[in-house]
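Analysis of the macromolecular model
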Amino acid sequence: MSDAPTKQKLWGGRFTGKTDPLMHAFNQSLKYDQRMYAEDIRGSIAYAKSLTLVGILTKEEESRMIEGLKAVGKEWADDVFVVKEDDEDIHTANERRLSEIIGPLGGKLHTGRSRNDQVATDIRLWLLEQVKDTEKNLKALIRVLVERADNEKDYILPGYTHLQRGQPIRWSHLLLSYALSFNNDLARLRQLVPRISVLPLGSGALAGNAFRVDRDFLAKELGFQSVSENSLWGVADRDFIAEFLMWSSLVMTHMSKMAEDLIIYSTAEFGFVTLSDAYSTGSSMMPQKKNPDSLELLRGKSGRLFGNMAGFMMTLKGLPSTYNKDLQEDKEPLFDTVDNLSACLSIAEGVIATLTVHGAKMRAALTMDVLATDLADYLVRKGIPFRETHHVSGRAVALAEARQCQINELTLSDFKSLNKEFTEDIYKVFDFEASVESRAAIGGSSRKMVERQIAVLRSQLEN
């Protein structure tokens, strides 16, 4: 490091001593914020145009500046940009290189602009692009769940509450429950966009822009939906990052639940599904093992993303108003969350697309006791209150357990001893297909209602 590095820094005029090398490294963010180089160039080009509109730059100066900024951006894109040791962040690096290319004119670019409104603009621009990719990946996952559900409507398995067998359901119905959670996540993601798409540029360091740059022009030039109405808020607001991290945590909560179900269903004890070799690994000691590592990592990553959100909220909670250096800590959790969420969505899509489903194993897991509610419903249709029929059905289950037989193996006399309204047609109740088909209200597991869910989701995916 040079003896007087502060002289080259954007804030260096106030200082006469050099920066401690450890402090320089501690303060530097270029190693991770360089991924916003394209957004920083975009923002600077738009700002150069706004400076021309207020007479700070001539048209010829604007052209030279924009040409220089594009050259800097191309160096980053071509991976030939040479980082210097005094490049503190992406803004410093780009402005330093711009001045090397076009000379002292580069120094005009920062007129009325602060890194405070600059970084706030860059990260909003960057996140808006990531949201587009995230939406695309999320829709792909929903789509593969819907397509599997459509193709596998015939499979029936026990539905579980408390991890205990409850009632028979269609496999498709379970897949669509995951899809609907992710579909709500998709709606929430879209609702975030207007709060991300707010232009901070033109707020200056905190008090506003003294050169009356046209911020509506800047918003239109950069594709923002609105302009921040308060400069103090404009440079400090990171709620949009907190919201995205919260949103990602919720997505991964849904992902973890799905992964946990599939991990359980892939065990030898259940055997309902088998993961593709492409998404499984083995054991270094036990040669027979086929581990669902993809699903376990999806489950594990949910904790990581929740940690990113919780950590960032702790950073935010103690800050005074306007910009503080603590806000530099917004990028690493955001970048890590975006990267991991993108990977998780793609892996989950692959796992679901290549999963082998064992319908016969699902059917074999069904026992007649999962029709106990249907037994109670049978008596309800004969005019008996459900609270009473629930008790009768429970006694039938207990009797079958005592006899060490299935409920449907009880005799008609056995049933009549529990309630005189039982007749020979009671044995029609013991049909798993009839049970799921009886759940024909909206949201139920009947074939018609499953097809309705598929149609609703397909329609929403088109929007």
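Just so we're clear, the structure is a prediction, and the values are computed from it rather than from any experiment. (Residues numbered from 1 in each chain as written. Predicted model: local features only at pLDDT ≥ 70, side-chain atom pairs only at ≥ 80, totals over all residues. Heavy atoms only, no water.)

On to the overall build of the chain, then. In terms of helices and strands, the chain carries 18 helices and six strands. The C-alpha atoms of the chain give a radius of gyration of 31 Å, which is well past the 23 Å a tight globule of 463 residues would have. Referenced to the eigenvectors of the C-alpha coordinate spread, the extents of the chain come out at roughly 100 × 55 × 40 Å. Out of the 463 residues belonging to the chain, those deemed buried represent 50%. Within the chain, residue pairs in contact and separated by at least 24 positions form 73% of the contacts whose partners lie at least 6 positions apart. On the chain, the mean spot of the 58 positive side-chain charges and the mean spot of the 64 negative ones are 2 Å from each other. (Helix = DSSP H or I, 4+ residues; strand = E, 2+ residues; numbered from the N terminus. Rg over C-alpha atoms; globule rule 2.2 N^0.38 Å. Buried < 20%, exposed > 50% of the residue type's maximum accessible area, 1.4 Å probe, protein only. Contact = heavy atoms within 4.5 Å. Lys, Arg positive; Asp, Glu negative; His and termini not counted. Charge placed at Lys NZ, Arg CZ, Asp CG, Glu CD.)

Let us look at the nonpolar core. Trp 171, Phe 182, Phe 244 and Met 255 are the most contacted members of the largest nonpolar core, which totals 99 residues. Here this core takes 15 residues from helix 10 (residues 239–265), the largest share from any one element. Setting aside anything within four residues of it in sequence, one finds Trp 171 in contact with Glu 152, Tyr 155, Leu 157, Leu 262, Val 273, Leu 355, Val 357 and Met 362. Of all hydrophobic cores here, the second largest spans 22 residues; its members include Leu 366, Val 392, Phe 415 and Val 436. (Core = buried A, V, L, I, M, F, W, Y, C linked by side-chain atoms within 4.5 Å.)

If you walk through the whole model with that rule in mind, you get 14 aromatic pairs. Between the aromatic rings of Tyr 160 and Tyr 265, the centroid separation amounts to 6.2 Å while the plane-to-plane angle is 40 degrees, which identifies the pairing as tilted. Of the two residues, Tyr 160 is situated in strand 1 (residues 156–161) and Tyr 265 in helix 10; the sequence distance between them amounts to 105 residues. With a relative accessible area of 23%, Tyr 160 lands in the partly exposed category. Ring centres of Phe 415 and Tyr 427 lie 5.9 Å apart, and the angle between their planes is 75 degrees; this geometry places the pair in the edge-to-face category. Here Tyr 427 lies in the loop between helix 16 (412–418) and helix 17 (432–438) and Phe 415 lies in helix 16, a separation of 12 residues in the sequence. On the accessibility criterion, Tyr 427 (27% relative accessible area) is partly exposed. Members of the aromatic cluster, joined through ring pairs, are Tyr 378, Phe 415, Phe 422, Tyr 427 and Phe 430. (Phe/Tyr/Trp six-rings, centres within 6.5 Å; stacked < 30°, edge-to-face > 60°.)

Oppositely charged side chains may form a pair once their charged atoms are brought near each other. Scanning the model with the defined rule gives 34 salt bridges in all. Among the salt bridges present, the one from Arg 170 reaches Glu 437, with a minimum N-O distance of 2.5 Å. Taken together, the residues span a long stretch of sequence, with Arg 170 in strand 2 (residues 164–170) and Glu 437 in helix 17 at a distance of 267 residues. For Glu 437, a relative accessible area of 32% corresponds to the partly exposed category. The residue Asp 185 makes a salt bridge to Arg 188 at a minimum N-O spacing of 2.9 Å. One end of the pair is Asp 185 and the other is Arg 188, both in helix 7 (residues 171–196) and three residues apart, which spans about a single turn. Put simply, Glu 75, Lys 84, Asp 87, Arg 96, Arg 97 and Glu 100 are held in one network by salt bridges that share partners. (Salt bridge = Lys/Arg side-chain N within 4 Å of Asp/Glu carboxyl O.)

Assignment of secondary structure puts Gln 225 in the loop between helix 8 (215–222) and strand 4 (226–227). On the basis of relative accessible area, Gln 225 is assigned to the exposed category, the value being 53%. Separated by 155 residues in the primary sequence, Gln 225 and Val 380 have C-alpha atoms spaced 57 Å apart. Those residues in contact with Gln 225 that lie beyond four places of it in its chain are Val 193, Pro 194 and Ser 197.

What follows covers the environment of Ala 402. If you trace the backbone, Ala 402 turns up in helix 15 (residues 386–403). Note: C-alpha distance between Ala 402 and His 91 (311 residues apart in sequence) is 77 Å.

Roughly 360 Å³ of volume is contained in the largest pocket. Surrounding the largest pocket, 19 residues form its lining, Gly 159, Tyr 160, Thr 161, Gly 166 and Ile 169 being those nearest its centre. Mapped onto the lining of the largest pocket, the elements with two or more residues apiece are strand 1, strand 2 and helix 10. Element by element, the count of residues in the lining of the largest pocket is highest for strand 2, at five residues. Looking at the lining of the largest pocket residue by residue, the class counts come to seven nonpolar, eight polar and four charged. (1 Å grid on protein atoms, 1.4 Å probe; cavity = no way out; pocket = protein on both sides within 12 Å on 5 of 7 lines; lining within 4 Å. Points joined across faces, edges and corners; volume = space filled by probe spheres on them. Nonpolar A, V, L, I, M, F, W, Y, C, P; charged D, E, K, R; others polar.)

What follows deals with empty space enclosed by the protein. Applying the stated criterion to the full structure yields two cavities of 30 Å³ or more. The space that makes up the largest cavity amounts to roughly 40 Å³. Contributing to the lining of the largest cavity are Asp 40, Ile 41, Ser 44, Leu 69, His 91, Asn 94, Glu 95, Leu 109, Arg 113 and Gln 118. Those elements giving two or more residues to the lining of the largest cavity turn out to be helix 3 (37–53) and helix 5 (90–102). By volume, the second largest cavity amounts to about 30 Å³.

Our next topic: a nonpolar patch on the surface. A contiguous nonpolar patch, built from Leu 53, Val 54 and Phe 211 and spanning about 250 Å² of accessible area, is present on the exposed surface. Note on placement: Phe 211 falls in the loop between strand 3 (198–199) and helix 8. Classification of Phe 211 by relative accessible area gives partly exposed; the value is 35%. (Patch = residues over 30% accessible without salt bridge, like charges linked within 9 Å, V, L, I, M, F, W, Y side chains within 5 Å. Areas by Shrake-Rupley, 256 points an atom, 1.4 Å probe, with all protein chains shown as cover.)

Right, let's get into unusual backbone geometry. With a phi close to 60 degrees, Leu 163 is a non-glycine residue in the positive phi region. If you trace the backbone, Leu 163 turns up in the loop between strand 1 and strand 2. One non-glycine residue with positive phi stands out, namely Thr 322, at about 65 degrees. In this fold, Thr 322 is placed in the loop between helix 11 (293–317) and helix 12 (331–354).

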